[in-house]
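Below are the chains, spelled out letter by letter.
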Amino acid sequence: MSALRVQALDTAVLRSVDLQVEAGELVFLSGPSGAGKSLLLRAIADLDPSAGQIWCGDVGRSSIPAPVWRRRVGLLPSESGWWDEQVGGHFPARVHDRLGLSELLARLGFRAAVLDWEVRRLSTGERQRLALARLLVNRPEVLLLDEATANLDPDNRGRVEAVIADYRAEQAAAVLWVSHDREQRLRMKGRRLTIRDGRLEPEPGAGTGLGLHP
Amino acid sequence: MSLISLGSLDLALAAGLVLLLSALSWRHRLGVERRMLIAAARSTVQLVLLGLVLKVLFETTHPAPILLLALVMLSVAGWEVLARQQRRYRGLWGYGIGVLSMFLSSFSVTVLALTLMIRVEPWYQPQYLIPLLGMLLGNTMNGIAIALDGLTRQAHDARDRIEAQLMLGATWGEAIADIRRDALRSGLIPVVNAMATAGLVSLPGMMTGQILAGSPPMEAAKYQLLIMFLIAAGTGFGSVAALWIGSRRLFDERSRLRLDRLASGRR
C-alpha cells in the first residue's frame, strides 16, 4: 500500500523531523516523557498545526481534506475518547459485518455482544483494545500507535500485538509505534528510533540506522 | 380606566423591600447583598436615564439619534454576553460573535415586525422601535449567552470525545454536532418555558405593564403574543447564528480542534 514520508516537520517540540516508514514496515519510537513523541504522532495525523511536508504514498497531507487524511493515517491515542453511551455507537453502522468486525473483536478477546455494552463500564484495557478495533475497521494505510498496549495484561498484550502484526502484513500498512516497553520493541522486530535532544536517532543497540541512510 | 401615576413614595416603598432583603442577606451572611444593591442602583440609574432619553427622542422623528440609541443598546448587550462567558474567544471574536448574531436576529426581527406586523410609519418611530428592540435584545442576549457558554465550556471539557471523532475521519461539523445541539437546547429552554407557562403561571411582564397602564386585556394579550413569537424567533435564530459562528471558530481550516482560541477559564 503506502509508505509514510515525513519531511522537515516542525512540531511544538521537535524541529525539522525527517522520517520514512515503508509500506508494511514497523518502526518503534521511544524517548523520555515530554520528548514530543505523542505530539509528533498528532502532527502526522494533522490534529495540531505543524509546518513541513507529509506524504501517505504519493498523496500530500495538504492536498486532501483533513478528514480524508485522518482516515488514511489513523492515530490510536494513548487515551481514547468515547462519544456514545454504547460501544456499538462508535463503529460505523454499515461496516458491522461486511469487514469482519466480529472476527476482529474475537481476536481482541471480545464477543460480538460487546457492541451493546455501555462505555462507562469498560475497564481501561478494554477501552484500549476497542479503540484499536474501531480504528482498524477504517482500514487506515498508516497506523500511528501511541502506547497501544500500556494498560494490558500479558494475554491481551499478546492479542493486540498479533492483531497489529497481521494487519500490517495483510494490508502492507506502515506502522509507527510509540512504546515504552523495551521488551516489546525487541520482540516485535521493528526498526527502532529514539528521540534525543529533539532529534530522531536509531535506538542504541538497535543495530539498524534510519533505514534510508544506513 | 386610566393610568395611575406613581409617586416617589410608592417607588421608595418598593425599593425598601430590596433594602430589607439586602439587610437580611448581610445579617445572615448569604453573600448576595452587595450584588443585589449594585444591580438595583444600576437599574435605577439606567431606567431613569432611559426615561429621560426616550422623552426627548419621542419628540423627534429624526432617525440619527434613534439609531444611535439602538447601537448603544446593541453594544452593551454584546458586553453583557461576553461577561457571561466562562471561556471567551480570544481577540475580537469574543465580542464579535455575540454582537453579530444579536444584530442579525434582533434587528432584523424588529424591523420585520415594525414594517410588516405593527406597520408603523415611519418604521423607526422611537415609541415602537426602542421598546420592541429592548425586549428582543434582552431576550436574545440571554439565549445567546447561555448557548455560547454551553458550547465553549462543553467543547473544552469534551476535547477527548471531539478529537476521537476527528481521528476517525469525522468532519468538524460531525464532531461538534452533539455539543452544538445541547447548547442550542439550553439557550432556548427559557424562551420555550416562558411560552409554555405564559398565562397559566405567570403573566408576562409586558402584558402586565399594559394592563396596569389601562389597556383592554384582549389587546394586551395580542401584543404579548406577538412579542413572544418575535422573542422566540429572535432568540432561536440568534442562538443558531452564534453557535454556528462559534463552533466554526473552534476548528481551523484543517478541521483541527483549536481550544487555544479560547482564553483560559475565569473564576
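Residues numbered from 1 in each chain as written. Chains lettered and ligands numbered in written order. Predicted model: local features only at pLDDT ≥ 70, side-chain atom pairs only at ≥ 80, totals over all residues.

1. Brief notes about helix H4 (residues 93–117) of chain B
Residues and elements named next belong to chain B.
Piece 1. Here H4 contains 25 residues, and its C-alpha end-to-end distance of 34 Å stays within 8% of the 36 Å for a straight helix at 1.5 Å per residue.
Piece 2. Along its length, H4 reaches its greatest deviation from straightness, about 25°, at Phe 103.
Piece 3. For H4, the full list of buried residues reads Gly 94, Ile 97, Gly 98, Ser 101, Met 102, Phe 103, Ser 105, Ser 106, Val 109, Thr 110, Ala 113 and Leu 114.
Piece 4. On its buried face, H4 is in contact with helix H3 (63–83), helix H5 (126–157) and helix H9 (217–249).
Piece 5. Arg 119 sits one or two residues past H4 and shows a positive phi near 50°. (Helix = DSSP H or I, 4+ residues; strand = E, 2+ residues; numbered from the N terminus. Expected span 1.5 Å × (residues − 1). Bend = angle between axes of the 7 residues up to and from the residue. Buried ≥ 20, exposed ≤ 12 C-beta atoms within 10 Å, placed from the backbone. Contact = placed C-beta atoms within 7 Å.)

2. Brief notes about helix H5 (residues 154–171) of chain A
Each α-helix winds once per 3.6 residues, and so residues spaced three or four apart point in a common direction.
Piece 1. A rise of 1.5 Å per residue sets the reference length of H5(A), with its 18 residues, at 26 Å; its end C-alpha atoms lie 25 Å apart and thus fit the reference within 8%.
Piece 2. In this fold, the buried residues of H5(A) make contact with strand S3 (26–30), helix H3 (101–107), helix H4 (124–136) and strand S8 (174–178) of chain A.

3. Let's talk about the interface of chain A and chain B
Piece 1. With 19 residues of chain A at the contact, the number on the chain B side is 15 residues.
Piece 2. Secondary structure elements with two or more residues in the side of chain A that touches chain B: helix H2 (66–72) and H4 of chain A.
Piece 3. Of all the elements, H2(A) adds the most residues to the side of chain A that touches chain B, at four residues.

4. Section: the pairing of strand S1 (residues 4–10) of chain A
Piece 1. The pairing of S1(A) with strand S2 (residues 17–21) of chain A spans four bridges and is classified as antiparallel. Residue pairing for S2(A): Leu4(A) is matched across the bridge by Val21(A). (Pairing = 2+ DSSP bridges.)

5. Notes on the environment of Ala172(A)
All names here are of chain A.
Piece 1. Positionally, Ala 172 belongs in the loop between H5 and S8.
Piece 2. The exposure class of Ala 172 is partly exposed, given the 15 C-beta atoms found within 10 Å.
Piece 3. Considering only alpha carbons, one finds Ala 172 and Leu 104, 68 residues apart in sequence, at a separation of 17 Å.
Piece 4. When residues no more than four places from it in sequence are discounted, the contact partners of Ala 172 are Met 1, Ala 23 and Gly 24.

6. A look at the pairing of S2(A)
Piece 1. Burial along S2(A) is one-sided: Val17(A), Leu19(A) and Val21(A) are buried, and none of Asp18(A) and Gln20(A), which face the opposite way, are.
Piece 2. The loop that links S1(A) with its antiparallel partner S2(A) comprises six residues; one of these, Ser16(A), has a positive phi angle of about 50°.

7. Quick word on the sheet that holds S2(A)
All names here are of chain A.
Piece 1. If you trace the four strands from one edge of the open sheet to the other, you get S2-S1-S4-S5, paired in antiparallel fashion. A single partner strand is all that each edge strand has here, and the edge strands are S2 and strand S5 (59–60).
Piece 2. Direction of pairing for strand S4 (residues 51–56) relative to S5: antiparallel, over a ladder of two bridges. By the bridge assignment, Trp 55 is partnered in S5 with Gly 60.

8. Quick look at unusual backbone geometry
Piece 1. Here the amide bond leading from Glu121(B) into Pro122(B) is cis, since omega sits at -10°, within 30 degrees of zero.
Piece 2. With respect to the element layout, Pro122(B) can be found in the loop between H4 and H5.
Piece 3. Positive phi is not limited to glycine here, since Lys189(A) has a value of about 55°.
Piece 4. Relative to the assigned elements, Lys189(A) resides in the loop between helix H6 (182–187) and strand S9 (191–196).

9. Digging into the environment of Asp157(B)
Residue and element names in this part refer to chain B.
Piece 1. Along the chain, Asp 157 falls in helix H5.
Piece 2. Residue class for Asp 157 comes out exposed when judged on the 12 C-beta atoms lying within 10 Å of it.
Piece 3. The spacing of Asp 157 and Asp 260 is 103 residues in sequence and 13 Å in space, taken between C-alpha atoms.

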